[in-house]
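Fold and contact review
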Amino acid sequence: MRILLVEDDPVLADGIRAGLGLAGLTVDAVTSGADAQAALAGLRFDAVVLDLMLPDGSGLDVLAALRAQQDATPVLLLTALDETPDRIRGLDAGADDYLGKPFDLDELAARLRALVRRGVGRASPLLTHGGLALDPAMLSVNLDGHAVPVSRREFAVLSMLVERPGVIRSKGELEERLYGWQEEVESNTVEVYVHNLRAKLGRDVIETVRGLGYRLRVPA
Amino acid sequence: MSSLRRRLFLILLAATGLIWLCAVAWISMGSRSELEHVLDTRLKEAARMVHSLVMAGDPVQGAEKSAQKPAKDPPVQPRDLADAVPSEPGGYERQLSCQIWSFDGRLLARSSGAPDAVLAEEREGFADREVGGETWRVYTIVDPEKNVRVVVGDRIGLRDRLVRDLVAGLAAPALLAMPLLGLLIWWSLGRGLRPLNRAAEQIAAREGEDMRPIPPDGAPDEIQPLITALNGLFAKVEAARAHERDVTAFAAHELRTPLAGLKTQAQVALAAGETGVRENALRQILVSVDRSTRLVRQLLALARLDAGAPVDTRDVSIGALIRDMVAAVPHPPEVITVIDPDLDPMVRQLDPDTLTLLLRNLQENAVQNMTAGTIRWRGEGAGRLVVEDEGPGIPAEELGLVRQRFYRGRMTTAAGSGLGLAIADAAARRLGAQLDIANRTDRPGVRASVDFGSGSWSASAPIR
């Protein structure tokens, strides 16, 4: 899952990026409302973590602009103001969830997973396809009832394919999901992860569409 | 007197009473003069009438005749002339008295009730006479042909009574009407003041949190200024509360964000398997602790300034103090601070700690807003200390806000807490100085000046 983080405090932004990264989420961080709007205009995120007090205004303005464009990307407000009226104001402005500072990193990750799950209209917390079952909370993969150990990055690639079975994901898309903006993309890594996944789950689980990318094979 | 209604009631009643009193005085004076005129005319006519009767009647004995045979004739009994005088109805009967005197001083005739004493004057016309303790108004006709003086008079006292009765006749109903009028005024005031009561009820019915302006429509013109003033007050209270809320919000943000950062980084450090991630998290924790330490220091400084701790005033060398302060403030190597040597001999009686606090926060603010350039400290005119930086300056619309606590402008870096200029301002006020923050006019940058008041620098040594 790819998250846009809008937070102007560098220490907190760095902590959230590292922490959510450990939970298997990819975080792109910006520090101002203007940058957030630019990022949201150009890219698709699974969810947005939005600080209310930004150096160039209120996060509520960013939220309002986003909703005005009929963009339904789930938004979690992150703010020092967590009195009930503030929460109500935030939720009524179009936010999907609210978390007061300081917060628990695991709770933030869980709430984001829930937001994304609700956003795509999935009832189960597990991602399933055929004999495959992915648990985004535990970053664990089950194949026909047997646990298959995978790395965080492998899980990210697999979950992206399982989210939309049969849809082709380009290498660029997968790389973006894996690294976000802040990380240096290592060459050929996507191929390496796909290779590893095939070795663990079977040759024919992931199909290579030459020149376009990869897709999960839909069982006949 | 707290009740406007009672106050107006008394004023109106007193005013009405006063006008009535004036009216009574005017009427009584006017009727008196009118009455005098009428009664005088009556006196004159009565005298003429009697005189004509005397002419038409028995030949009047001449003065000589009377003098010649006073013994023969029985003493002339004064004839009663009452019938000749028109009598007044009621209590004003026998108002007029008439006497006919011969020239030799005999009373030839008199009306009933007329005094025996001489009313007549030597000369013809009106006169006032004191007879038997009463003042009479008399008219005398002197007829040398018939040797008679005809005199008609009335008592002034009676005239006064007439006027008194007239005024009393007017005043009595007025006095009776007074309570009725009072009731009417009281009721009318109640009706007239109803819009005021409505406005008061409207305000009284408000929630304590309701700071919306009172709609001025429908209120009478007289209470418009009150409503305008109230609305002004509401706006001020609302602004103060909004400001309070802002400060609370900013403070919450500034205090909780570093805590959130610390907690998050600590959780990352605990959860991270990779050494690199853990070490980075621990380094971020150190950064955050340093920033929080600075924030706490600033909050304590503000609290001390707010508490008005006692100041230790002594001679302070401005130049030396700035040099020490600048050396203590960390800054990137690209930022250079220049201190005008003219400041070196400047000495002033000040609290050095508060002054250091003031100047250090100005210096820190300048350093934070610059990546490279020169910060310049210099004296200006009498008692003004100026520091100029070469940063981007402050947007004009934020100039009035930068001294607010926790206010962070758009151009500020993440390192600022929004307290620096608030502390500088509080410290300046504590020193009795005036802090001005403005943009430089010669180039982008901020110019902060501290005005200590004129004639305040003293040179400890001759200036170069």
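For the structure, check the block above.
Below or above, wherever it landed, is the structure these notes cover. (Residues numbered from 1 in each chain as written. Chains lettered and ligands numbered in written order. Predicted model: local features only at pLDDT ≥ 70, side-chain atom pairs only at ≥ 80, totals over all residues. Heavy atoms only, no water.)

**Comments concerning the interface of chain A and chain B**
Operational definition: Any two residues whose heavy atoms approach within 4.5 Å are treated as being in contact. Buried area: the sum, over both parts, of the accessible surface (1.4 Å probe) that disappears when the two are put together. One side-chain nitrogen of Lys or Arg within 4 Å of one carboxyl oxygen of Asp or Glu is enough to make a salt bridge.
Residue-level contacts link 26 residues of chain A with 26 residues of chain B. Note on chain A versus chain B: buried area summed over both sides is about 2,200 Å², and carbon and sulfur give 62% of it. Taken as a group, V11, L22 and M53 of chain A account for 25% of the area that chain A buries against chain B, more than any other trio of residues on that side. The interface formed by chain A and chain B contains two salt bridges. Of the charged contacts in the structure, one is a salt bridge between E274 of chain B and R152 of chain A, with a shortest N-O distance of 3.4 Å.

**Examining the sheet that holds strand 8 (residues 335-339) of chain B**
All names here are of chain B. Inclusion rule: The criterion for strand pairing is that DSSP finds at least two bridges linking the strands in question. Runs of H or I in DSSP of at least four residues are treated as helices and runs of E of at least two as strands, each being numbered from the N terminus. Orientation is described by axes fitted as lines to C-alpha atoms, over the contacting stretch for helices, and by angles from 0 to 180 degrees between their N-to-C directions.
An order of 8-10-11-13-12 is seen for the five strands of this open sheet, with the pairing classed as mixed. Bordering the open sheet on either side are strand 8 and strand 12 (434-439), each of which pairs with just one other strand. Taken pair by pair, the neighbouring strands of this sheet meet at an average axis angle of 15°, ignoring direction. The sheet contacts of helix 7 (residues 318-328) involve strand 8, strand 10 (373-380) and strand 11 (384-388), and relative to strand 8 the element is tilted by about 165°.

**Description of the pattern of salt bridges**
One side chain can pair with another of opposite charge once the charged atoms of both are near each other. The tally for this structure, following the rule as stated, stands at 42 salt bridges over all chains. Taking the shortest distance from any N to any O, the salt bridge between D96 of chain A and R67 of chain A comes out at 2.8 Å. Of this pair, D96 of chain A sits in the loop between helix 4 (84-92) and strand 7 (97-100) while R67 of chain A is found in helix 3 (residues 59-68), placing the two residues 29 residues apart along the sequence. Sharing partners across several salt bridges, the network here consists of R378, E380, R384, E388, R440, D442, R447 and D451 of chain B.

These figures capture arrangement, not role.
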